[in-house]
Amino acid sequence: PALTTILCNAAYDLGARHAEGHDMAVEAMDLLIRQIPASELACRERLVTLRQDQYDAQRRSQPVEAGEALIEAILLAAEAHSEASDASEAGTLCRRAGAIARAVRSERASEIKERSDFFAERGRLSRHMAELHDRLESSPSDAATRQELVRLVLVELDAPAEAAPLLDPSCDTTLRKRVPAVLKGVDATPELACLDMATWYRGLADGASPWAQAAMYRRALAYYRRYLRLKEVPQLDRAAALRARAETEEALAALGPAVVPLRSDGRLGPGRALDLIAI
């Protein structure tokens, strides 16, 4: 890995000096990202610099092609910053991509707007959660602050593993019961309890952001599916579960495919889900 890093960075440095070497520089960074994923953020930033140089040089001769390449590089860098828990910088990069898209009249303008909104919301959420963490550190007995923080981590971040350590006896009974159950996994949940878990997750979607609603509905659907695999479910209970599952699927579909945007390279980042069963 150390040698790969040295060689790829050297190839980039050499290739970036002249237009004829730009393709090699891009290949070097792509290779480094594949071989050493932890290097992605630094590589994406270097690729943005390269694509910006290309765009500046080709703005008059090939503005659309160079602009689209720059937009793609910026969006991938934004994703890398988001995955590094830096939603603020991700939002800044998306706004930069939006300006380029408008300049070259790119067809990706609406997609960029959706990503920008997503990262802006994540940035606001991160700041609010930091305030709650600070408040809780100074006053650990503040039950209302703790409850709100647990809810945000559980719902808006869809991170039950991070919510669990925040629980204490001041939290409501439902949270103290359900969160540890989630951590055991769907398949480890007692089959008859799956219906309760599904109903609970549907309820968590109420009042959440669209992105969090999608995550809550997906989790609810997983529990509905496990419940409906039971052979001994009474017919009336099965019919009710089927109806509830259908309503949840409709609610998820109504949110649209861009609720939690995929990475622009088609990969699923942390916390993202693609419902293959529905497809």
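Residues numbered from 1 in each chain as written. Predicted model: local features only at pLDDT ≥ 70, side-chain atom pairs only at ≥ 80, totals over all residues. Heavy atoms only, no water.

Peer 1: Quick one: what's the story with the overall build of the chain, residue by residue and with numbers?
Peer 2: Within the chain, the secondary structure is distributed over twelve helices and zero strands. Starting at the N terminus and ending at the C terminus, the chain contains elements arranged as α-α-α-α-α-α-α-α-α-α-α-α. Overall, the chain is about 70 × 50 × 40 Å in size when its C-alpha atoms are taken along their principal axes. Looking at the chain as a whole, 42% of its 279 residues qualify as buried. Counted over contacts in the chain with a minimum sequence separation of 6, partners at least 24 positions apart contribute 57%. Total accessible area on the chain is roughly 15,100 Å²; 54% of this is exposed by carbon and sulfur atoms. The positive charge centre, built from 37 side chains, and the negative charge centre, built from 42, are 2 Å apart in the chain. (Helix = DSSP H or I, 4+ residues; strand = E, 2+ residues; numbered from the N terminus. Buried < 20%, exposed > 50% of the residue type's maximum accessible area, 1.4 Å probe, protein only. Contact = heavy atoms within 4.5 Å. Areas by Shrake-Rupley, 256 points an atom, 1.4 Å probe, with all protein chains shown as cover. Lys, Arg positive; Asp, Glu negative; His and termini not counted. Charge placed at Lys NZ, Arg CZ, Asp CG, Glu CD.)

Peer 1: Tell me about helix α9 (residues 173-183), residues and numbers included.
Peer 2: Looking at α9, one finds that the buried residues are Leu175, Arg178, Val179 and Val182. The buried residues of α9 occupy one face: seen down the axis, they fall within an arc of 100°. Away from its buried face by more than 90 degrees, α9 exposes Thr173 and Lys177. Among the residues trailing α9, Gly185 stands out with phi positive, at a value near 95°. (Arc of directions from axis to C-beta.)

Peer 1: Tell me what's going on with unusual backbone geometry, and back it up with residues and numbers.
Peer 2: Among all residues except glycine, the phi angle is most often negative; among peptide bonds, the trans geometry is most common. Phi angles above zero are rare outside glycine, and Arg105 is one such case at about 55°. Take Arg105: it is sitting in the loop between α5 (87-104) and α6 (109-138). The backbone of Asp158 sits at a positive phi, close to 50°, despite the residue not being glycine. Mapped onto the fold, Asp158 is located in the loop between α7 (143-156) and α8 (160-163).

Peer 1: A description of the pattern of salt bridges should follow, citing residues and the corresponding values.
Peer 2: Counted by the stated rule, this structure contains 13 salt bridges. In this structure, the salt-bridge partner of Asp187 is Arg229, at a minimum N-O distance of 3.7 Å. Pair noted here: Asp187 is in the loop between α9 and α10 (194-204) and Arg229 is in the loop between α11 (210-228) and α12 (235-254), with a separation of 42 residues, a long-range link. Here the two residues Asp187 and Arg229 agree in accessibility, since each one is exposed. (Salt bridge = Lys/Arg side-chain N within 4 Å of Asp/Glu carboxyl O.)

Peer 1: Which residues make up the environment of Glu191, and what values go with them?
Peer 2: You can see Glu191 is positioned in the loop between α9 and α10. Overall, the relative accessible area of 40% leaves Glu191 in the partly exposed class. Along the sequence, Glu191 and Tyr224 sit 33 residues apart, while their C-alpha atoms lie 9.9 Å from each other. Here Glu191 is in contact with Arg226, Tyr227 and Leu230, once residues within four sequence places are set aside.

Peer 1: Summarise the packing of aromatic side chains; cite the residues concerned and give the values.
Peer 2: Any aromatic ring pair is given by two values, namely how distant the centres are and how the planes are angled relative to each other. A complete count under the given rule lists four aromatic pairs for this structure. Taking the centre distance of 5.4 Å and the plane angle of 70° together, the rings of Phe118 and Trp211 count as edge-to-face. Of this pair, Phe118 sits in helix α6 while Trp211 sits in helix α11, and the two are 93 residues apart along the sequence. The class of Trp211 is buried, set by a relative accessible area of 14%. Look at Tyr201 and Tyr223: their rings are 6.2 Å apart centre to centre, the planes differ by 20°, and that puts the pair in the stacked class. Placement of the pair is Tyr201 in helix α10 and Tyr223 in helix α11, with a sequence separation of 22 residues. Given the relative accessible area of 0%, Tyr201 is considered buried. Put simply, the rings of Phe118, Phe119 and Trp211 touch in pairs and so form one group of aromatic residues. (Phe/Tyr/Trp six-rings, centres within 6.5 Å; stacked < 30°, edge-to-face > 60°.)

Peer 1: Give me the lowdown on the packing of α9 against α10, citing residues and values where you can.
Peer 2: Viewed as axis vectors pointing N to C, α9 and α10 meet at an angle of 110°, and their least axial separation amounts to 11 Å. Considering their axes alone, α9 and α10 lie roughly perpendicular with respect to each other. For the crossing formed where α9 meets α10, the hand is left-handed. For the pair α9 and α10, the contacting residues are Thr174, Leu175, Arg178, Val179, Ala181 and Val182 in the first and Asp196, Met197, Trp200 and Tyr201 in the second. Taken together, the residues that form the contact of α9 with α10 break down as seven nonpolar, one polar and two charged. (Axes fitted to C-alpha atoms, helices over the stretch in contact; angles between N-to-C directions. Parallel < 35°, antiparallel > 145°, perpendicular 65-115°, else oblique. Left-handed = near helix turned anticlockwise from the far one by under 90°. Nonpolar A, V, L, I, M, F, W, Y, C, P; charged D, E, K, R; others polar.)

Peer 1: Can you explain helix α3 (residues 40-58)? Please cite residues and give values.
Peer 2: The end-to-end C-alpha distance of α3, which contains 19 residues, comes to 26 Å, matching closely the 27 Å that a straight helix rising 1.5 Å per residue would cover. Glu40, Cys43, Arg44, Leu47, Val48, Leu50, Gln52, Gln54 and Tyr55 are the residues of α3 that are buried. Contact partners of the buried residues in α3: α1 (2-15), α2 (22-35), α4 (63-83) and α5. (Expected span 1.5 Å × (residues − 1).)

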